[in-house]
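Survey of secondary and tertiary structure
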Amino acid sequence: MVINITDNASTQIKEMMKEESENVHFRFGIKGGGCSGLSYSMGFDYDINDELDVTSEINGIPVVLFNQDIPIIEGTTIDFKQNMMGGGFSIDNPNAIVSCGCGSSFRTATNVGAPGDC
């Protein structure tokens, strides 16, 4: 399994998927930007490219990953934490060597991306 999704995150993602149409996938990956150079990207996707994407099922969730992102996100755990201010997803990527204070951007030893606004 390339990424891990905790039970709390699975529950939240499944709840959010109820508002989507059938055949939707949870897409997780990276994009350039953020103060450390790379940012995480999460959302729902209906368009899967068999040549560029890898699909799997994790905790009953259909997941799609862009092939090129896999070396950067391999071993990442997605969690959902609830507190008095609300809740949000947290991402623990063992490949990240630098993360910014906002927690949404990072850099790895081999991928620095292009820094932007945090």
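A few points on the structure. As the structure is a computational prediction, the values presented were derived from the model and not from experiment.

Section: the sheet that holds strand β7 (residues 86–92)
Read across the sheet, three strands follow the order β1-β6-β7 without closing on themselves; strand pairing throughout is mixed. Lying at the two open borders of the sheet, with one neighbouring strand each, are β1 (4–5) and β7. Pairing analysis gives seven bridges linking strand β6 (residues 77–83) to β7, with the strands arranged antiparallel. Of the residues in β7, the one forming a bridge with Asp79 is Ser90. Sitting on the sheet, helix α1 (residues 7–17) touches β1, β6 and β7, and the angle it makes with β6 is about 85°.

Here's the deal with the pattern of salt bridges
Counted under the stated rule, the structure contains three salt bridges. Linking Glu15 and Lys18 is a salt bridge whose minimum nitrogen-to-oxygen distance equals 3.3 Å. By relative accessible area, which is 62% here, Lys18 ends up exposed. Note that Asp53 is salt-bridged to Arg27, the shortest N-O span being 2.9 Å. Here Asp53 is found in strand β4 (residues 53–58), whereas its partner Arg27 is found in strand β2 (residues 25–32), with 26 residues between them in sequence.

What to know about the environment of Glu57
Position of Glu57 among the secondary structure elements: in strand β4. Measuring from C-alpha to C-alpha, the distance between Glu57 and His25 comes to 9.4 Å, with 32 residues separating the pair along the chain.

With respect to α1
Buried within α1 are the following residues: Ala9, Ser10, Ile13 and Met17. Taken down its axis, α1 places every buried residue within 100° of arc, on the same side. Exposed residues pointing more than 90 degrees away from the buried face of α1 are listed as Asp7 and Thr11. Where α1 is buried, its residues contact β1, β2, β3 (38–45), β5 (61–66), β6 and β7.

Brief notes about the nonpolar core
Ile3, Ile5, Phe26, Phe28, Val63 and Leu65 are the most contacted members of the largest nonpolar core, which has 21 residues in total. Elements supplying a minimum of two residues to this core: α1, β2, β3, β5, α2 (70–73) and β6. Apart from the residues within four sequence positions on either side, Ile5 is in contact with Ser10, Ile13, Phe26, Ile58, Asn59, Val63 and Ile78.

Here's the deal with the packing of aromatic side chains
Here the structure, examined in full by the defined rule, presents three aromatic pairs. A centroid spacing of 5.8 Å and a plane angle of 15° characterise the contact between Phe28 and Tyr40, whose relative ring orientation is stacked. Remark: Tyr40 occurs in strand β3 and Phe28 occurs in strand β2; sequence separation between them is twelve residues. Across this residue pair, the class does not change: Phe28 and Tyr40 are buried. Ring geometry for Phe80 and Phe89: centres 5.1 Å apart, planes at 70°, overall edge-to-face. By relative accessible area, Phe80 is classed as buried at 13%.

Rules behind the numbers
Residues numbered from 1 in each chain as written. Predicted model: local features only at pLDDT ≥ 70, side-chain atom pairs only at ≥ 80, totals over all residues. Heavy atoms only, no water. Pairing = 2+ DSSP bridges. Helix = DSSP H or I, 4+ residues; strand = E, 2+ residues; numbered from the N terminus. Contact = heavy atoms within 4.5 Å. Axes fitted to C-alpha atoms, helices over the stretch in contact; angles between N-to-C directions. Salt bridge = Lys/Arg side-chain N within 4 Å of Asp/Glu carboxyl O. Buried < 20%, exposed > 50% of the residue type's maximum accessible area, 1.4 Å probe, protein only. Arc of directions from axis to C-beta. Core = buried A, V, L, I, M, F, W, Y, C linked by side-chain atoms within 4.5 Å. Phe/Tyr/Trp six-rings, centres within 6.5 Å; stacked < 30°, edge-to-face > 60°.

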